[in-house]
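This is what each chain is made of:
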There are 2 protein chains.
Amino acid sequence: MAADTAINNQVLIDSLPEGKLSADNFRLSEAPLPTAGAGEVLVKTTAFAITAGTRAGLQGSASYAGAPQTGIVMNATGVGEVVTSEVESIPVGRHVVAPTGWQTYSVQSADAVTLIDAGHDPLHYLGPLGVNGLTAYFGLFDVGQPRAGDTVMVSAAAGSVGHLVGQMARIGGARVIGVTGDDAKGQILRNQLGFDETVNYKDAGFRDQLKAASPAGIDVYFDNTGGPILGAALFRLNVGGRIACCGVVSQYDTQRPEPGPKGIPGLLVNKRINMCGFLVFDFADRYAEARARINEWLSTGQLVALTDAVEGLDAAPNAFVDLLAGGNIGTRIVRVG
Amino acid sequence: MAADTAINNQVLIDSLPEGKLSADNFRLSEAPLPTAGAGEVLVKTTAFAITAGTRAGLQGSASYAGAPQTGIVMNATGVGEVVTSEVESIPVGRHVVAPTGWQTYSVQSADAVTLIDAGHDPLHYLGPLGVNGLTAYFGLFDVGQPRAGDTVMVSAAAGSVGHLVGQMARIGGARVIGVTGDDAKGQILRNQLGFDETVNYKDAGFRDQLKAASPAGIDVYFDNTGGPILGAALFRLNVGGRIACCGVVSQYDTQRPEPGPKGIPGLLVNKRINMCGFLVFDFADRYAEARARINEWLSTGQLVALTDAVEGLDAAPNAFVDLLAGGNIGTRIVRVG
């Protein structure tokens, strides 16, 4: 491939969503192939992940992702292959993880790139060995701190983070309740991933079902959603229970986030509940430790990483909209080229 | 006084409040003097404390105080003198703390009674050496964990717990912002108790004033109120900030607690905030340690305990209603007989 004749296919943020996100908020675009300067590499994207958290970046200032912008490439973590390199330690042909965004090529500075160890499946770096898996690992074990025999509840349980959280909790000896919005997903979690119970939050009897699924109450709630599921969890949490606040997917796809649950802070007081937000980046100095453990679980088959792949850059906008509506099971990735 | 001719004056819960509490929810009553049996003492009440938390006990089942009842004596912690004793270790004449309720006499089992050390002001056991002071101490130091130089915010800052929290935070080397609903109270907190800043949550510009009062953000928020003040605090908390959830006074005097603040859990995630409910009773094995330190601060004058006393059992209902409207400054007590 001659770099000077190639084109960089991109998906740009065309407009910010008013209300729910639509595929029309994005547009396809072409750009000349960028050139790696000193200390940079040019990466050809193999695949990138679509995650609910990036919706918050389109929502205004109240996000760790910063203020939203239009006319720029939509952001995403991806994996790819180095095609030109001005960095000695990152040779051409090497597989890397990088903030590729939704495009076929990107120039990356050396410090933005993570090398993928030989023998590892590069796609695992978008799932269990990537931000999703690390988020599940540190949020569960460091923030939620389940003990063997505890009951752990996780929302968005079939999602990219949730399906790993439930399995890790089970590996740690906990009883696991997964909340999804789809009975078919629940069945996969129970039958393939070893979840003890699943509950569908869209059912009218959701609160009663959650109660029935948690006869000993809930000790740790890993919250990916906020909103009414958080409210329901508060009523089932035991004295001294812990909530690991990972994300607020129920509130991302809107212009007007809802008020918080009624039990805040009254039930926190009555039940001495500890509720703690976290971002995975704060644990960056321990990624290697976590990846080693996760990789071992993957190699023994204790941990199963579900991947939900769509093909082609132009499929990304609809894949994102569908993800926010709960259409994915496991890590949603877009394969490129 | 001959016990068999004396009368026990009481205030009973006559009806449960619908909406706001009213003095009409209580009625005065007379009962024969009770008799201490084996292992019990008869206590003549000197004074009892009125605290916002007992309002929650009239509110339904979602309270650590249990389900509400009518026709019973209103509960309160009081101090009094032992007048008859069937317990060797608790002699007649001894001053004690006990769950006296709103009445002039009560029979107490030995294990319900705390002996007041000679040389201590018994009334301090309703304030800084009692539940209020212990709540301030453990909630601030064990849950909030301020470091020297931190900014600490406390709501209901002129209340029985709040006015002690602010002073303890200052003793610990923090900068202290108190939130009240009354400028005159704020002035007392700044001028007499050493608060650095006070803000009136009833002012239209409350959020801007809170921002101006916290140029370095807020590191620890001691929450006595919940509701919109909690919502405002969330926006000013720093990354890694901590919220000690002590009470929900904004939500007690109502049948319909409001939804929680909008920033829950989104801002907890973005700012990695730890929000933790607590009850002082969980620290019971460390009361002696706390009382020793608090008593030292009292004796050196570093800690000033404000007492807001009303006279006579029949003044209790209105004193309670007024407290819920923010009428007190410091610990509100009712002197009896």
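The rules behind these values
- Residues numbered from 1 in each chain as written.
- Chains lettered and ligands numbered in written order.
- Predicted model: local features only at pLDDT ≥ 70, side-chain atom pairs only at ≥ 80, totals over all residues.
- Helix = DSSP H or I, 4+ residues; strand = E, 2+ residues; numbered from the N terminus.
- Rg over C-alpha atoms; globule rule 2.2 N^0.38 Å.
- Buried ≥ 20, exposed ≤ 12 C-beta atoms within 10 Å, placed from the backbone.
- Contact = placed C-beta atoms within 7 Å.
- Nonpolar A, V, L, I, M, F, W, Y, C, P; charged D, E, K, R; others polar.
- Pairing = 2+ DSSP bridges.
- Axes fitted to C-alpha atoms, helices over the stretch in contact; angles between N-to-C directions.
- Core = buried A, V, L, I, M, F, W, Y, C linked by C-beta atoms within 7 Å.
- pLDDT = per-residue confidence, 0-100.
- Domains from an automatic or database assignment.
- Least-squares fit on C-alpha atoms with pLDDT ≥ 70 in both.

(A) Inspection of the overall build of chain A at higher detail. Helices and strands together make up the secondary structure of chain A, namely ten helices and 15 strands. Relative to the 2.2 N^0.38 estimate, which gives 20 Å for 337 residues, the radius of gyration of chain A is 20 Å and therefore close to what a compact globule would have. Principal axes of the C-alpha set define a box for chain A whose edges measure 65 × 45 × 35 Å. Per-residue burial for chain A yields a buried fraction of 51% across its 337 residues.

(B) Structural view of the interface of chain A and chain B. On the side of chain B, 32 residues touch chain A, which itself brings 32 residues to the contact. Listed by contribution, the elements that provide at least two residues to the side of chain A that touches chain B are helix H8 (266-270) and strand E13 (274-277) of chain A. When grouped by side-chain class, the residues that make up the side of chain A that touches chain B number 18 nonpolar, nine polar and five charged. Relative to strand E13 (residues 274-277) of chain B, E13 of chain A runs antiparallel, the two sharing three bridges.

(C) Representation of the environment of Gly130 of chain B within the structure. Mapped onto the secondary structure, Gly130 of chain B falls in the loop between strand E7 (114-115) and helix H2 (131-144). With 33 residues separating them in the primary sequence, Gly130 of chain B and Val97 of chain B have C-alpha atoms 8.6 Å apart.

(D) Focus on the sheet that holds strand E11 (residues 218-223) of chain B. As summarised here, the arrangement of the twelve strands in space is E10(A)-E9(A)-E8(A)-E11(A)-E12(A)-E13(A)-E13(B)-E12(B)-E11(B)-E8(B)-E9(B)-E10(B), forming an open sheet in which the pairing is mixed. Where the open sheet ends on each side, the last strands, each with one partner, are strand E10 (197-200) of chain A together with strand E10 (197-200) of chain B. Averaged over all pairs of adjacent strands, the angle between strand axes in this sheet comes to 15°, irrespective of strand direction. Packed onto the sheet, helix H4 (residues 183-193) of chain A meets strand E9 (175-180) and E10 of chain A and runs at close to 170° relative to E10 of chain A. Sheet contacts for H2 of chain B: E11, strand E12 (237-245) and E13 of chain B; angle to E12 of chain B, the most-contacted strand, approximately 145°.

(E) Here's a closer look at the nonpolar core. By size, the foremost hydrophobic cluster in this structure holds 196 residues, and its most contacted members are Val334 of chain A together with Val334 of chain B. Those residues within four positions of Val334 of chain B in sequence are excluded, and the remaining contacts are Ala47, Phe48, Ile50, Val310, Leu313, Ala315, Ala316 and Ala319 of chain B.

(F) Region of the structure containing helix H2 (residues 131-144) of chain A. Residues and elements named next belong to chain A. For H2, the tally of buried residues reaches twelve of 14 residues, placing the bulk of the element in the interior. Val131, Asn132, Gly133, Leu134, Thr135, Ala136, Tyr137, Phe138, Gly139, Leu140, Val143 and Gly144 are the residues of H2 that are buried. Tucked inside the fold, the buried residues of H2 contact helix H3 (162-171), strand E11 (218-223), strand E12 (237-245), E13, helix H9 (287-300) and strand E15 (331-335).

(G) Representation of the confidence of the model for chain A in the model. Summarising the model, chain A shows a mean pLDDT of 92, and 94% of its residues fall at 70 or more. Both confidence scores are given for the complex: pTM 0.89, ipTM 0.86.

(H) Quick look at the domain arrangement of chain A. All names here are of chain A. Its domain assignment divides chain A into domain 1 (7-123 + 306-335) and domain 2 (131-281). Centre-to-centre, using C-alpha coordinates, domain 1 lies 28 Å away from domain 2. Between domain 1 and domain 2, the residue contacts involve 20 residues of the former and 17 residues of the latter. Elements supplying a minimum of two residues to the side of domain 1 that touches domain 2: helix H1 (53-56) and E15. Tallying contributions element by element places H1 first for the side of domain 1 that touches domain 2, with three residues. For the side of domain 1 that touches domain 2, a count of residues per class yields seven nonpolar, nine polar and four charged.

(I) Quick look at the relation of the copies chain A and chain B. The two copies are related by a screw motion: chain A maps onto chain B through a turn of 180° and a shift of 0.0 Å along the axis, at an RMSD of 0.0 Å. Here the two chains are linked by the operation of a two-fold rotation axis. The C-alpha atom lying nearest the rotation axis in chain A is that of Gly260 of chain A; the distance is 2.1 Å. Same-surface contact between copies: 100% of interface residues of chain A are shared with the interface of chain B.

(J) Region of the structure containing the pairing of strand E3 (residues 40-50) of chain A. Residues and elements named next belong to chain A. Across the eleven residues that make up E3, a large majority, eleven, are buried. The sheet contact formed by E3 and strand E6 (residues 105-109) spans five bridges and is antiparallel. The residue of E6 that forms the bridge with Leu42 is Val107. With seven bridges connecting them, E3 and strand E4 (residues 78-85) associate as antiparallel partners. Bridged to Val41 within E4 is Ser85. Pairing geometry for E3 and E15, over four bridges, is antiparallel. Across the sheet, residue Ile50 finds its bridge partner in E15, namely Arg332.

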